[in-house]
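Listed below, chain by chain, are the residues.
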Amino acid sequence: MKTFQVIPKISMLDTAEEFIEKFSLSPEDLVIASPSIWNRYFQKVQAGQVILIRKYGSGEPTDEMVESIKKDVTKPYKRVVAIGGGTVIDVAKLFCLEKFIPVGDLFDHVFPAVKKVPLVIVPTTCGTGSEMTNISILEFKSRHTKFGLADDALYADDAVLVPQLLESLPFSVFATSSIDALVHSLESYLSPKATDISETLSLQAAKMILTAYKKIQDAGKEKKMEAMRAEVGKVLTASAMAGIAFGNAGCGTVHAMSYPLGAVYHVPHGEANYAMFTGVFKTYMKYLPDGKIKILNEELAKILDCEKSDVYIKIEELLNENILCKKSLKEYGLRREELLVFTHSVLANQQRLLGNSYIPMTEERILSIYESLYD
Ligand SMILES: [Fe+2]
């Protein structure tokens, strides 16, 4: 049996003002927010307690961050409002639960996730798609990798898309977050759990993101920021669509293999995905070129205006020259002997994702992908 569900109600608003009016932030709310966005658009709002995420770290979400925030939340609250990127969202999802400490025990299913209060999510980057999924992903410091917890208790009640909040997004954040959304769309399309409904969303999201990249390319280096700002609302929508698709069909090997790199070398999530993406997809092509990937390549070739045999070369060119330049694993400081350690970490910790792979992933295949990306 395959299933498809969309839980959060999606609202599309133009401005922060409109959000404040429609969602009436109140003293009974716990707000977890990115400081730059909160200070710029919401500072005058009377919320109950406001947690600004940067006080707890500057990178990806960790178990230690969740436990420190929990100690600082002193007032009772009746709703959680998350306004920020992936870190804010993945952390905020946990604060809706009756119990989530010790957070390692929650992720290990020692006790169940039970929803206690409603959650409103307002994404301020354009890639995580987490506003639409039932997944929270944290880096567990002592385990040197990231884990995801997927549970319906983690769904938001409302996902609110406000393009205005992305108007000052730095290009580097646009790049890494939108590449993450592109990978969500392509991995979910190839997942064995995909359905006709999720595939439609996956393909349309990929099309919207690649079209935005082409417009940025056409604008040229000098007008790149302007072009990005013109496209960011579309990419925000595409990211939510890819979120619905991977929330149902799952992400796969690219995400699984990127987690040790992200956790050990503190590489932004979308960038770590990009480091793995073409290596994984070339391996898919090598072992099962005539399966579903053939249809995907035909569709991508139409968007990219190239031969279907060249789609991954073309995507890499488009990204490297206009969005984000791909680095080898060696450039991140990895030592060659760590490739086997990473391989074992993926096999031990990421079976949830490997189960969605387009082809079965063995130790030999994972190691050989890491090796192909090393230098
Ligand atoms: Fe992702």
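Residues numbered from 1 in each chain as written. Predicted model: local features only at pLDDT ≥ 70, side-chain atom pairs only at ≥ 80, totals over all residues. Heavy atoms only, no water.

**Observations concerning the coordination of the iron ion**
Part 1: Bound to the iron ion on the protein side are Asp-180 (OD), His-184 (NE2), His-255 (NE2) and His-269 (NE2), at distances that span 2.1 to 2.2 Å.
Part 2: All donors of the iron ion belong to a single chain; written as a sequence motif, their spacing is D-x3-H-x70-H-x13-H. Of this pair, His-184 sits in helix H6 (residues 171-190) while His-269 sits in helix H10 (residues 269-287), placing them 85 residues apart in sequence.
Part 3: Note on His-184: relative accessible area 2%, which makes it buried.
Part 4: Classification of His-269 as buried rests on a relative accessible area of 16%. (Donors = N, O, S within 2.8 Å, 3.2 Å for Na, K, Ca; no water. Helix = DSSP H or I, 4+ residues; strand = E, 2+ residues; numbered from the N terminus. Buried < 20%, exposed > 50% of the residue type's maximum accessible area, 1.4 Å probe, protein only.)

**Quick word on the packing of aromatic side chains**
The geometry of two aromatic rings is summed up by the distance between their centres and the angle between their planes.
Part 1: Counted according to the given criterion, the structure contains 15 aromatic pairs.
Part 2: An aromatic cluster of three or more residues is present, and its members are Phe-19, Phe-23, Trp-38, Tyr-41 and Phe-42.
Part 3: The side chain of Lys-99 reaches across the aromatic face of Phe-111, ending 4.5 Å from its centre.
Part 4: When the ring centre of Phe-171 is taken as reference, the NZ or CZ atom of Lys-224 above it lies at 4.4 Å. (Phe/Tyr/Trp six-rings, centres within 6.5 Å; stacked < 30°, edge-to-face > 60°. Lys NZ or Arg CZ within 6 Å of the ring centre and 35° of its normal.)

**Observations concerning the domain arrangement of the protein**
Part 1: Segmenting the protein into domains produces domain 1 (9-166) and domain 2 (171-372).
Part 2: Computed from C-alpha atoms alone, the centre-to-centre distance between domain 1 and domain 2 is 25 Å.
Part 3: The interface of domain 1 with domain 2 comprises 24 residues on the first partner and 30 residues on the second.
Part 4: Here domain 1 packs against domain 2, burying approximately 2,200 Å² in sum over the two surfaces, 65% of which is carbon and sulfur.
Part 5: Where domain 1 meets domain 2, there are zero salt bridges.
Part 6: At the junction of domain 1 with domain 2, the criterion picks out six residue pairs in polar contact (both at pLDDT 80 or more).
Part 7: Broken down by secondary-structure element, the contributors of at least two residues to the side of domain 1 that touches domain 2 are strand S6 (135-140) and strand S7 (145-150).
Part 8: Residues that form the side of domain 1 that touches domain 2 fall into these classes: eleven nonpolar, eight polar and five charged. (Domains from an automatic or database assignment. Contact = heavy atoms within 4.5 Å. Buried area = accessible area lost by both parts, 1.4 Å probe. Salt bridge = Lys/Arg side-chain N within 4 Å of Asp/Glu carboxyl O. Polar contact = N/O pair within 3.5 Å; in protein donor to acceptor, adjacent residues only side chain to side chain. Nonpolar A, V, L, I, M, F, W, Y, C, P; charged D, E, K, R; others polar.)

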